[in-house]
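Structure assessment
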Amino acid sequence: MKRSDLVADTAITLLAERGMRGLTHRAVDEAAGLPPGSTSNLARTRAALLELTLSRLTELEQRALAGAYTAEAADLARLPELMAQALHIQLTDRRRTLARYELALEATRRPELRRIYDEAGRRFRDPAVAMLAAIGSPDPVAHARNLVAFGEGLMFDAIAGAGSVPTREELRDALRDLLAGMLRSG
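Residues numbered from 1 in each chain as written. Predicted model: local features only at pLDDT ≥ 70, side-chain atom pairs only at ≥ 80, totals over all residues. Heavy atoms only, no water.

In this structure, Leu15, Leu23, Val28, Leu49, Leu50, Leu103 and Leu113 are the most contacted members of the largest nonpolar core, which totals 23 residues. Mapped by element, the contributors of at least two residues to this core are helix H1 (3–18), helix H2 (25–32), helix H4 (46–65), helix H6 (94–107) and helix H7 (111–134). Excluding anything up to four places from it in sequence, leucine 15 contacts Met20, Leu23, Thr53, Ala99, Glu102 and Leu103. (Core = buried A, V, L, I, M, F, W, Y, C linked by side-chain atoms within 4.5 Å. Buried < 20%, exposed > 50% of the residue type's maximum accessible area, 1.4 Å probe, protein only. Helix = DSSP H or I, 4+ residues; strand = E, 2+ residues; numbered from the N terminus. Contact = heavy atoms within 4.5 Å.)

This part takes up the layout of surface pockets. Of the pockets and cavities examined, the largest pocket occupies roughly 650 Å³. Lining the largest pocket are 31 residues, with Leu65, Phe124, Val148, Glu152 and Met155 positioned closest to its centre. Put simply, the parts of the chain that give the lining of the largest pocket at least two residues each are H4, helix H5 (79–92), H7 and helix H8 (140–159). Partitioned by chemical class, the residues of the lining of the largest pocket number 19 nonpolar, five polar and seven charged. (1 Å grid on protein atoms, 1.4 Å probe; cavity = no way out; pocket = protein on both sides within 12 Å on 5 of 7 lines; lining within 4 Å. Points joined across faces, edges and corners; volume = space filled by probe spheres on them. Nonpolar A, V, L, I, M, F, W, Y, C, P; charged D, E, K, R; others polar.)

Checked against the element boundaries, threonine 58 lands in helix H4. For threonine 58, a relative accessible area of 5% gives the class buried. Dropping the residues within four chain positions of it, threonine 58 is found in contact with Ala120, Arg123 and Phe124.

With that settled, the discussion passes to H2. Here H2 has its buried residues at His25, Ala27, Val28, Asp29 and Ala32. Along its buried surface, H2 packs onto H1, helix H3 (38–42) and H4. Backbone geometry just downstream of H2 places glycine 33 in the positive-phi region, at approximately 70°.

What follows deals with the pattern of salt bridges. Under the definition given, this model contains 16 salt bridges. Across the pair arginine 168 and glutamate 81 runs a salt bridge, and its minimum N-O distance is 2.8 Å. Within this pair, whereas arginine 168 is found in helix H9 (residues 168–184), its partner glutamate 81 is found in helix H5, the two being separated by 87 residues in sequence. For arginine 168, a relative accessible area of 31% puts it in the partly exposed group. Where arginine 122 meets glutamate 119, a salt bridge forms, and the shortest distance between an N and an O atom there is 3.1 Å. Highlighted residues: arginine 122 and glutamate 119, both in helix H7, separated by three residues, approximately one helical turn. By relative accessible area, arginine 122 is classed as partly exposed at 39%. Judged by its relative accessible area of 37%, glutamate 119 falls in the partly exposed class. (Salt bridge = Lys/Arg side-chain N within 4 Å of Asp/Glu carboxyl O.)

Turning next to the packing of H7 against H8. Close contact between H7 and H8 brings their axes to 8 Å; oriented N to C, the two are set at 120°. In terms of orientation, H7 and H8 fall into the oblique class. Where H7 crosses over H8, the two elements pack in a sense that is right-handed. The segment H7 lies against H8, with Arg125, Ala128, Val129, Met131, Leu132 and Ala133 engaging Pro140, Val141, His143, Ala144, Leu147 and Val148. Counted by class, the contact of H7 with H8 contains 10 nonpolar, one polar and one charged residues. (Axes fitted to C-alpha atoms, helices over the stretch in contact; angles between N-to-C directions. Parallel < 35°, antiparallel > 145°, perpendicular 65-115°, else oblique. Left-handed = near helix turned anticlockwise from the far one by under 90°.)

A separate point is H1. Because each turn of an α-helix spans 3.6 residues, side chains separated by three or four positions end up pointing in the same direction. With 16 residues, H1 extends 22 Å between its outermost C-alpha atoms, agreeing within 8% with the 22 Å of an ideal straight helix rising 1.5 Å per residue. Taken as a whole, H1 has its buried residues at Ser4, Asp5, Val7, Ala8, Asp9, Thr10, Ala11, Ile12, Leu14 and Leu15. Note on H1: the residue one or two positions beyond its end, glycine 19, has a positive phi of about 80°. (Expected span 1.5 Å × (residues − 1).)

Structure, rendered in structure tokens:
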């Protein structure tokens, strides 16, 4: 594993376990078993550490969601299952999702992080627009925004709210209903 990945993965875990205040260069070195100063050599400032962490988090989430953005996803019959699988991965990896929430809140106060966060969001929304256009959405941009909001709402409810983690089958059924409604709206 590359040192930058080790540092970022450790930072993700620290964000999930301790929150934004618990993420320091020293804490990353200790938790990763690295010599003191290793994280500072890689990411000199806190902003650089946050950017490295957000970039790695985006990479990991893109891998988790890759199946939902395949050519098979353009097949409406397969799409709910593929999306349910991707959402379930996000829901069951609380560590990544909690870290993303921490970074999202921090991005509201740091314009440099906001730019990176917004760009990361486009990496998920743009393929959703293309996929929804391919299955016949009359308004793929609005429907992609709604689809992402649906997923984000489920994740927040299950992880930070009072809800429980839905099963893949429950997610599939909910996504099937949501997509059917979008396609009927045209």
